[in-house]
Amino acid sequence: MLPSPFPSLYSIHIKFNVTLFKCKHSLKMKPPTHYFNHPSPEYDNDIYYDRLPSPNDKEVHSLFSSCSVIQIPSKDLTDTNYIQSFVSAEMVIQVVLSNDCDQCYNHRGGQCGLDANQKFYCEKDTLHINFSFIP
C-alpha cells in the first residue's frame, strides 16, 4: 500500500503487486511449499515470493520477520517461478475514498475537505441557477 497524505479523505493502493521477502542466506529459511526461492548468491540473499496472492497472511509474515519486505508491481499473477515474467515497471493505482468522503461526495453531493486542523469536513454548496430568458 502506498502512503496516503490524507487518510481521512482517501487511500491509494497498488492494485496488482507481489510481496518479496529478502532474507540473508545464512538464515536458511524454510518457507511454505507454495513459495518460490530466487537465490542471489552474489549478495548472500534469498528472495522468496508466493505463487498465490496472500498479502495479509500473518503466519507467513511472522515466518519472514527477520527478512526485508519488498512490494513491487506485477502485471499478472505470480504463477511462475521466473520472477521477471510478472514484474512490471507499470502500476495500476487504485484510489479508494474514505467512508466519510464517499458519503459526502456520492450520497450528499458535497465536496470533501480538510480544515486548518486537518479535520474532515463536507462542504455542500447550494448552487442556485437562474433560468431567466432575455427576449
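Focus: the overall build of the protein
When its secondary structure is counted, the protein shows 2 helices and 8 strands. When the elements of the protein are put in sequence order from the N terminus, they spell out β-β-β-β-α-β-β-α-β-β. Counting across all 135 residues of the protein, residues that qualify as buried make up 24%. Sequence-distant contacts in the protein: of pairs separated by 6 or more residues, those separated by 24 or more amount to 55%.

With respect to the packing of aromatic side chains
In this structure the tally under the stated criterion is 5 aromatic pairs. On the basis of an interplanar angle of 40° and a centroid distance of 5.5 Å, the ring pair of tyrosine 35 and phenylalanine 64 is categorised as tilted. Taken together, the positions of tyrosine 35 in strand S3 (residues 35-40) and phenylalanine 64 in the loop between helix H1 (58-63) and strand S5 (68-73) put the pair 29 residues apart, joining distant regions of the chain. The pair formed by tyrosine 35 and phenylalanine 64 is uniform in burial state, with each residue classed as buried. A connected cluster of aromatic rings, assembled from ring pairs, spans Phe21, Tyr35, Tyr48 and Phe64.

Regarding the pairing of S3
The sheet contact formed by S3 and strand S4 (residues 45-50) spans 6 bridges and is antiparallel. Looking at S4, one finds that asparagine 37 is bridged to tyrosine 48. What sits between S3 and S4 in their antiparallel hairpin is a turn of 4 residues, with aspartate 44 showing a positive phi close to 60°.

Looking at the environment of glutamine 84
Its location among the elements puts glutamine 84 in the loop between S5 and strand S6 (93-97). Along the chain, glutamine 84 and serine 74 lie 10 residues apart, while their C-alpha atoms are 9.5 Å from each other.

Brief notes about unusual backbone geometry
Located in the positive-phi region is aspartate 44, a residue other than glycine, with phi close to 60°. Here aspartate 44 lies in the loop between S3 and S4. With a phi angle near 65°, glutamine 118 is a residue other than glycine that sits in the positive phi range. Inspection of the secondary structure puts glutamine 118 in the loop between strand S7 (111-114) and strand S8 (120-123).

Examining the confidence of the model for the protein
On average, residues of the protein score 79 in pLDDT, and 79% of them are at 70 or above. Scored below 50 in pLDDT, residues 126-131 makes 0 contacts in the model with residues more than four places away or belonging to other chains.

Analysis parameters
- Residues numbered from 1 in each chain as written.
- Predicted model: local features only at pLDDT ≥ 70, side-chain atom pairs only at ≥ 80, totals over all residues.
- Heavy atoms only, no water.
- Helix = DSSP H or I, 4+ residues; strand = E, 2+ residues; numbered from the N terminus.
- Buried < 20%, exposed > 50% of the residue type's maximum accessible area, 1.4 Å probe, protein only.
- Contact = heavy atoms within 4.5 Å.
- Phe/Tyr/Trp six-rings, centres within 6.5 Å; stacked < 30°, edge-to-face > 60°.
- Pairing = 2+ DSSP bridges.
- pLDDT = per-residue confidence, 0-100.

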